[in-house]
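Okay, here's what each chain looks like letter by letter:
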Amino acid sequence: MQRLAAFAVHVVLALSYPSALASAQQPTNEVVERKGETCLVRFDGGDEKLADSALAAVEQVWPIVAELFGAQGAKPAKPLEVHLYRHTAGYEAAELRLTQGKFARNLAMAHHASRSAHVALQPPCMDETLRAIGLPPQTLTLLAWEAAHLARFELCPNFASHPDWLVDGVASHVAQRVSAKLFGREPREIPFWSNDMVRVQALATAGKLPTPEHLLAGRVEDFDWRERYALRNQWFAFLVGDARRKKLLECLAFARRTGGGSEYAEKVLAHATKAFGSAGRDFDKHVAALAPQWDEVYRSLAPHGEDWLQIAFPSFNAIAWNTQPVETAEFKMASTLRILPGGRGQLNFLFAREPRGFYSIAFVADAGFTVLDYDANANSWTTLLNANAPALRLGVTTQVKAAVSGRKLTVSVENQSWSVELPRALPKEVVWGLGAQAGPEGSSTGSAGLWRGLAVGK
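Overview of the structure. All residue numbers refer to positions counted from 1 along the written sequence of the respective chain. Owing to the predicted nature of the model, reporting of local features is limited to residues with pLDDT of at least 70; listing and counting of side-chain atom pairs is limited to 80 or more, with chain, interface and lining totals taken over all residues. Where side-chain values are given, they derive from all heavy atoms of the structure, hydrogens and water being excluded.

1. So, the environment of alanine 291
Stated formally: Starting at the N terminus, helices and strands are each numbered in turn, a helix being any DSSP run of H or I of at least four residues and a strand any DSSP run of E of at least two. Exposed residues in this analysis have more than 50% of their type's maximum accessible area, buried residues have under 20%, and partly exposed residues fall in between, with area computed by a 1.4 Å probe over protein chains only.
Secondary-structure assignment places alanine 291 in the loop between helix 12 (280–289) and strand 6 (294–298). Residue alanine 291 is classed as partly exposed on the basis of its relative accessible area of 40%. Along the primary structure alanine 291 and serine 194 are separated by 97 residues, whereas in three dimensions their C-alpha atoms are 8.1 Å apart.

2. Overview of the side chain of arginine 86
Inclusion rule: Polar contacts here mean pairs of N or O atoms no more than 3.5 Å apart (in protein, one a potential hydrogen donor and the other a potential acceptor; neighbouring residues in sequence count only if both atoms are side-chain atoms).
By secondary structure assignment, the location of arginine 86 is in the loop between strand 3 (80–85) and helix 3 (88–99). The exposure class assigned to arginine 86 is buried, which follows from its relative accessible area of 5%. From its side chain, arginine 86 meets the backbone oxygen of cysteine 125 in a polar contact 2.7 Å long. Separated by 2.6 Å, the side chains of arginine 86 and aspartate 127 make a polar contact.

3. Focus: the nonpolar core
In summary, soluble globular proteins display a tendency toward joint burial of nonpolar side chains. Worth spelling out the cut-off: Throughout this description, the term nonpolar core refers to a set of buried Ala, Val, Leu, Ile, Met, Phe, Trp, Tyr and Cys residues connected via side-chain atoms within 4.5 Å. Throughout, a residue-residue contact means that at least one pair of heavy atoms, one from each residue, lies within 4.5 Å.
Of all hydrophobic cores here, the largest spans 86 residues; its most connected members are Val61, Leu135, Trp165, Val174, Trp235 and Phe276. Setting aside anything within four residues of it in sequence, one finds valine 61 in contact with Ala144, Ala147, Ala148, Ala151, Val174 and Val178. Judged by nonpolar contacts, the second largest core, of 40 residues, contains Phe349, Ala402, Val411 and Val420.

4. Observations concerning the packing of helix 2 (residues 61–68) against helix 6 (residues 164–183)
We apply this condition: All axes are obtained by fitting lines to C-alpha atoms, using only the stretch in contact for helices, and the reported angles, taken between N-to-C directions, cover 0 to 180 degrees. Orientation categories follow fixed angle ranges, with anything under 35 degrees roughly parallel, anything over 145 roughly antiparallel, 65 to 115 roughly perpendicular, and all other angles oblique. In this scheme the handedness of a crossing depends on how the near helix is turned from the far one: anticlockwise by less than a right angle means left-handed, clockwise means right-handed. Each residue receives one of three labels: charged for Asp, Glu, Lys and Arg, nonpolar for Ala, Val, Leu, Ile, Met, Phe, Trp, Tyr, Cys and Pro, and polar for the others, Gly being one of them.
Where helix 2 contacts helix 6, the axes come no closer than 10 Å and their chain directions differ by 135°. With respect to helix 6, the axis of helix 2 lies oblique. The way helix 2 lies across helix 6 gives a crossing that is right-handed. Across the interface between the two elements, Val61, Ile64, Val65, Glu67 and Leu68 from helix 2 touch Val170, His173, Val174, Arg177 and Val178 from helix 6. In terms of residue class, the contact of helix 2 with helix 6 is made up of seven nonpolar, one polar and two charged.

5. Observations regarding the packing of aromatic side chains
The relation between two aromatic rings is expressed through the spacing of the ring centres and the mutual angle of the planes. How we decide: In summary, the pairing rule links any two rings of Phe, Tyr or Trp, Trp by its six-membered ring, whose centres are within 6.5 Å, and it sorts them by plane angle into stacked for under 30 degrees, edge-to-face for over 60 and tilted for everything else.
The tally for this structure, following the rule as stated, stands at 23 aromatic pairs. Taking the centre distance of 5.1 Å and the plane angle of 90° together, the rings of tryptophan 235 and phenylalanine 283 count as edge-to-face. One end of the pair, tryptophan 235, is in helix 9 (residues 225–239); the other, phenylalanine 283, is in helix 12, and 48 residues separate them in sequence. Residue tryptophan 235 shares its accessibility class with phenylalanine 283, and that shared class is buried. An aromatic cluster of at least three residues, connected via ring pairs, comprises Trp294, Trp308, Phe331, Phe349, Phe351, Tyr359 and Trp432.

6. Concerning the sheet that holds strand 20 (residues 432–436)
Quick note on the threshold: Only strands that DSSP links by at least two bridges are regarded as paired with each other.
One open sheet accounts for seven strands, arranged 6-9-20-12-13-14-15; its pairing is antiparallel. Strand pairing shows two members of the sheet lacking a second neighbour, strand 6 and strand 15 (380–388), which therefore form its edges. For this sheet, the mean angle separating the axes of adjacent strands, direction not counted, is 20°.

7. Focus on unusual backbone geometry
The omega torsion of the bond from glutamine 122 to proline 123 falls at -10°, within 30 degrees of zero and hence cis. Mapping proline 123 onto the fold places it in the loop between strand 5 (116–120) and helix 4 (127–133). For the bond running from arginine 299 to serine 300, omega is 25°, close enough to zero to count as cis. Here serine 300 is to be found in the loop between strand 6 and strand 7 (301–304). Backbone geometry at glutamine 100 places phi at a positive 55°, although glycine is not the residue there. Mapping glutamine 100 onto the fold places it in the loop between helix 3 and strand 4 (108–111). A relative accessible area of 56% means that glutamine 100 is categorised as exposed.

8. So, the sheet that holds strand 5
A sheet is described by the order of its strands in space; here five strands give the open sequence 1-2-3-5-4, paired in mixed fashion. The sheet terminates laterally at strand 1 (31–35) and strand 4, the two strands that pair on one side only. With strand direction ignored, the average angle separating the axes of adjacent strands in the sheet is 15°. Pairing geometry for strand 4 and strand 5, over four bridges, is antiparallel. Within strand 5, the position partnered with methionine 109 by the bridge is histidine 118. Here helix 3 sits on the sheet in contact with strand 3, strand 4 and strand 5, set at roughly 35° to strand 4. Docked against the sheet, helix 5 (residues 137–155) engages strand 3, strand 4 and strand 5, running at close to 155° with respect to strand 3.

9. Some remarks on the packing of helix 7 (residues 191–205) against helix 9
The N-to-C vectors of helix 7 and helix 9 enclose an angle of 100°; their axes lie 9 Å apart at closest approach. The angle between helix 7 and helix 9 places the two elements in the roughly perpendicular class. Contact with helix 7, carried on its side by Trp193, Asp196, Met197, Arg199, Val200 and Leu203, involves Arg226, Glu227, Ala230, Leu231, Asn233 and Gln234 of helix 9 and no other residues of that element. Here the contact of helix 7 with helix 9 is built from residues that sort into six nonpolar, two polar and four charged.

10. As for the state of the cysteines
Stated precisely, the cut-off is as follows: Only a pair of cysteine sulfur atoms within 2.5 Å qualifies as a disulfide here.
The tally for this structure, following the rule as stated, stands at zero disulfides. Here cysteine 39 is not disulfide-linked; the sulfur of cysteine 156 is the nearest cysteine sulfur, at 16 Å. Cysteine 251 takes part in no disulfide bond, and the closest cysteine sulfur, belonging to cysteine 156, lies 12 Å away. With relative accessibility at 1%, the residue cysteine 251 sits in the buried group.

11. As for the side chain of threonine 38
Relative to the elements of secondary structure, threonine 38 occurs in the loop between strand 1 and strand 2 (39–44). On the basis of relative accessibility, which here comes to 4%, the residue threonine 38 falls in the buried class. Discounting residues that sit within four places of it in the chain, threonine 38 has contacts with Glu59, Trp62, Pro76, Pro79 and Leu80.

So this is what it looks like as structure tokens:
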């Protein structure tokens, strides 16, 4: 599927959001600790309930990593130390002290010398939103990812010499397993993971998929950092599958028991190349068979029970496109929205995506909705309909529907309906997506909300 330009950055739609709810949350110095069998969570600025959720996520990590390295039954000498920061500033201060800005962009890291992991709560949320949803799924996923690094540090004295495919492959595999259990979905159904599948398939389509030799040797410097993570993720997912799992576990055991030193990298590479160097054609088939359900342009959309939770970062609109178009001349959407405090309080339903643009219905709490036409060539928005919808209130579940017949779009909010003529008929395949609006300039949060009972189709 062709990607459109980065239209989502800093787009501000017509309807505003009360500024009082977008004010910055003030940091606190309180640290809540929770200790489990294998992990210790220190939540800077958090509360006990959220700390319990963080601990429940990271406690799942140790057994998975121990099994991968053939150390079933082993226990860490002391609990793995995981730091979670309620506010980004807390993470930034810790990161600056430990790694001088190297991992500032990541908002998550595992530090070698201190054997500690550090994760910022992300995307940033208002306190009211956290009380409604708990820890954001992206935060839980990254907590598991970084805790997996700590488990590897503990089990492998030579961890600092591990190749990148092993480092990120183990972490992504563990985090996928934890998030699949927490959210009750397969990785292909979770945008955080399905987006890696989309990236790797795009590389394959472009004839740029690296060979096993290049992946094992870490010769992927020509790819951007997102593509590198995606490649290592899917390469490890390929290796850990049933056909190669035994060889992978043997390779990981070899990597663990082999002494460090200048020849370590060469020894591990030779062992891995002997095991997997000829698997290029099978890896191509693995990539081709992937079936990601979401192409997430900007995070963060995630399952939340039976619902979809979407939270924007303060400066970027969250956008996720569903990869299964609706083949119909008539098109319907129904959902029960719950817009939560944060940013502009705006959720966007997107549809009829084509290279030239798409339509958007922007639902704004305590205001109403706007129907817009986005022109990708001109990078411009045209307002087709502005409507006041009193039933659409902050924090209140509200039924919304949209239906297109011919060029007539009808939007319903509870028992009110409005219609507008679209400038173009729907394409034969209707590509649709979900969005949450960024915050106003200077905001510490983006918009957040739940898409409940979402149904899209004929």
